[in-house]
Amino acid sequence: MEEQKYCSDSLVVKTSLVLPPDTNNNGTMFGGKLMAYIDDVAAISAMRHSRRSVVTASTDSVDFLHPIYEGNAVCLEAFVTYTGRTSMEVVVKVIAEDLLSGTRNLCVISFLTFVALGENEKPTLVPSIIPQSEMEIKLYESAVIRAEARKKRRVGTKEIAAIFGTNQL
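About the cut-offs
- Residues numbered from 1 in each chain as written.
- Predicted model: local features only at pLDDT ≥ 70, side-chain atom pairs only at ≥ 80, totals over all residues.
- Heavy atoms only, no water.
- Pairing = 2+ DSSP bridges.
- Helix = DSSP H or I, 4+ residues; strand = E, 2+ residues; numbered from the N terminus.
- Axes fitted to C-alpha atoms, helices over the stretch in contact; angles between N-to-C directions.
- Buried < 20%, exposed > 50% of the residue type's maximum accessible area, 1.4 Å probe, protein only.
- Contact = heavy atoms within 4.5 Å.
- Expected span 1.5 Å × (residues − 1).
- Bend = angle between axes of the 7 residues up to and from the residue.
- Core = buried A, V, L, I, M, F, W, Y, C linked by side-chain atoms within 4.5 Å.

1. Notes on the sheet that holds strand β4 (residues 73-83)
The five strands are arranged β2-β4-β5-β6-β3 in an open sheet whose pairing can be described as antiparallel. A single partner strand is all that each edge strand has here, and the edge strands are β2 (12-17) and β3 (53-64). Pairs of neighbouring strands in the sheet enclose a mean axial angle of 25 degrees, with direction left out of account. Looking at chain direction, β3 and strand β6 (residues 104-117) are connected through 10 bridges and run antiparallel.

Have a look at this one:
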């Protein structure tokens, strides 16, 4: 029988305080710093689901919806939304909180895809996912559309890569 797990089994939560070295000249969090946090929690989620080493196959989107300011707490929540044979889609939600006022803003939603690795660093099977909540079901059902868009984008990226090549401009 195929192994199955719930979305909630892969939940990862990370909260950090945004300090001056984390910010740009506008006093907002560096996008690259936040993207590193996103990749980190998403990888942990994928590893928690698969109980395997994983590699990032794709960062489908990092949509910045609201700035994150110095002094805010930033909370990232990640879980596996969908699985293929060897791959897992992970959603990451980022909320910033002004700890003095209590104001909270949804700042980023991101989707990433990971591949589980087995022996000889080759892709290996992962458990399928069982969505439970209304949100998990919606994310699960819409994952096929995101996967199709990801495949199309990858073809386009390969075409551009062939044009660029490895020579300097």
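2. Describing the environment of V108
If you trace the backbone, V108 turns up in strand β6. A relative accessible area of 0% places V108 in the buried class. Apart from residues lying up to four places away in sequence, V108 is in contact with L34, I38, V62, D63, F64, V92, K93 and V94.

3. Notes on helix α2 (residues 134-164)
Working note: α-helix, 3.6 residues per turn, so residues spaced by three or four point in the same direction. For α2, which comprises 31 residues, the first-to-last C-alpha distance of 44 Å matches the rise-based estimate of 45 Å (1.5 Å per residue) to within 8%. A maximum bend of about 35 degrees is found in α2 at A143. When we look at burial in α2, the residues that qualify are E136, L139, A143, R146, A147 and R150.

4. A few points about the nonpolar core
Membership of the largest hydrophobic core comes to 34 residues, with the highest contact counts inside it found for L34 and V92. Taken together, the elements giving at least two residues each to this core come down to α1 (31-50), β3, β4, β5 (87-97) and β6. A per-element tally of this core places α1 first, with seven residues. Among all residues touching L34, those that are not within four sequence positions of it are M29, F64, I68, V74, L76, V94 and V108.

5. A few points about the pairing of β6
The element β6 is extensively covered by neighbouring structure, given that 10 of its 14 residues are classed as buried. Sheet analysis places β5 next to β6, joined by 11 bridges and oriented antiparallel. By the bridge assignment for β6, V92 is matched with S110. Hairpin remark: β5 followed by β6, antiparallel, with six residues in the connecting loop; positive phi at G102, about 85 degrees.

In short, the description is geometric, and any link to function would need to be established separately.
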